[in-house]
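Geometric and topological summary
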Amino acid sequence: MTLHAASREALDLAETRLGEVLADAGADPATVGDELLSVVDLLDREIGLRRAVSDASASPESRQGLVRRLFDGKLSEPALKVLDTVAGSRWSSPRELVDGIESLGRSALLTSAEKTGNVETVESQLFQVARIVSGSSELEAALSDLAAPADAKRTLVRGLFADKVDVVTETLVEQVVRRAKGRGVGNGLDKLVALAAERRERSVAYVTSANALTDEQQAQLGSKLNGIYGRTLALHVEVDPRLGGGLVVRVGDEVIDGSTAGQLAAVRRRLSRA
């Protein structure tokens, strides 16, 4: 998520407020996350409302009053406190305000997974969902279809993954799908994997192997990659026999292609330039 300076400062303040709110023993991070994402859905639908909540010509107090009138009695007090900070801050655009609330909702849900000891499971499940979606062009098209009603997409996601993944995983996936707006959902899911990995103070290494790797091989590969990058990486491995042999590793924008297919392609490129 790319934000301009004012929005970045506003999100920083709201993240601090979220942390304070969730530190209270009476606050339920899952509830706060769900409620903040429900606000995102509303603001996505109501253009006038999101403009009013982000209107820099109105005083912070009036914007906060608007939010309180809208949501008092409908959202929990912890969620309202976070929205008070959001509405009282200056955002670069209405769209960035909505993106900021989405980021806060995701953060609250991942905090919930942390508190229940499930964040690694959520990370792994998000990776598996991302691979399932990217592996089916029909499924990705259906989930990204602008003309498809949001409820239909939600039903499709729940039909595929309900009772098979953690509730936090399902909620995060549904949110990505609802906001895809014609864009492929795969990139959004990969970003969620990275966010979950950050909670374990790890970066993500996507590994594609021609053959399944044993636990020992994964451990050895992880150790080597940790040494190369100087930080702990979370490995997510998928098998693709089309590689012929070897591995392809992607960390951020960097790709290490040690596959047979990649080596053959490199040879062809060199021959074409000869």
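Residues numbered from 1 in each chain as written. Predicted model: local features only at pLDDT ≥ 70, side-chain atom pairs only at ≥ 80, totals over all residues. Heavy atoms only, no water.

Considering the sheet that holds strand β2 (residues 233-239)
A sheet is described by the order of its strands in space; here four strands give the open sequence β2-β1-β3-β4, paired in mixed fashion. Edge strands, defined here as strands with exactly one partner in the open sheet, are β2 and β4 (254-257). Pairwise comparison of adjacent strand axes, ignoring direction, gives a mean angle of 15 degrees for this sheet. In terms of strand pairing, strand β1 (residues 203-209) meets β2 through seven bridges, oriented parallel. Across the sheet, Val207 pairs through a bridge with Val237, a residue of β2. The strands that helix α12 (residues 215-229) touches are β1, β2, β3 (247-251) and β4; relative to β2, the one it contacts most, it runs at about 130 degrees. (Pairing = 2+ DSSP bridges. Helix = DSSP H or I, 4+ residues; strand = E, 2+ residues; numbered from the N terminus. Axes fitted to C-alpha atoms, helices over the stretch in contact; angles between N-to-C directions. Contact = heavy atoms within 4.5 Å.)

Considering helix α8 (residues 137-144)
Within α8, burial applies to Leu139, Glu140, Leu143 and Ser144. All buried residues of α8 lie within an arc of 125 degrees about the axis, which places them on one face of the element. Relative to its buried face, α8 has exposed residues pointing more than 90 degrees away, namely Ser137 and Glu138. (Buried < 20%, exposed > 50% of the residue type's maximum accessible area, 1.4 Å probe, protein only. Arc of directions from axis to C-beta.)

Brief notes about the side chain of Gln125
With respect to the helices and strands, Gln125 occurs in helix α7 (residues 119-134). Not counting residues within four places of it along the chain, the set of residues in contact with Gln125 comprises Lys164, Val165, Asp166 and Thr169.

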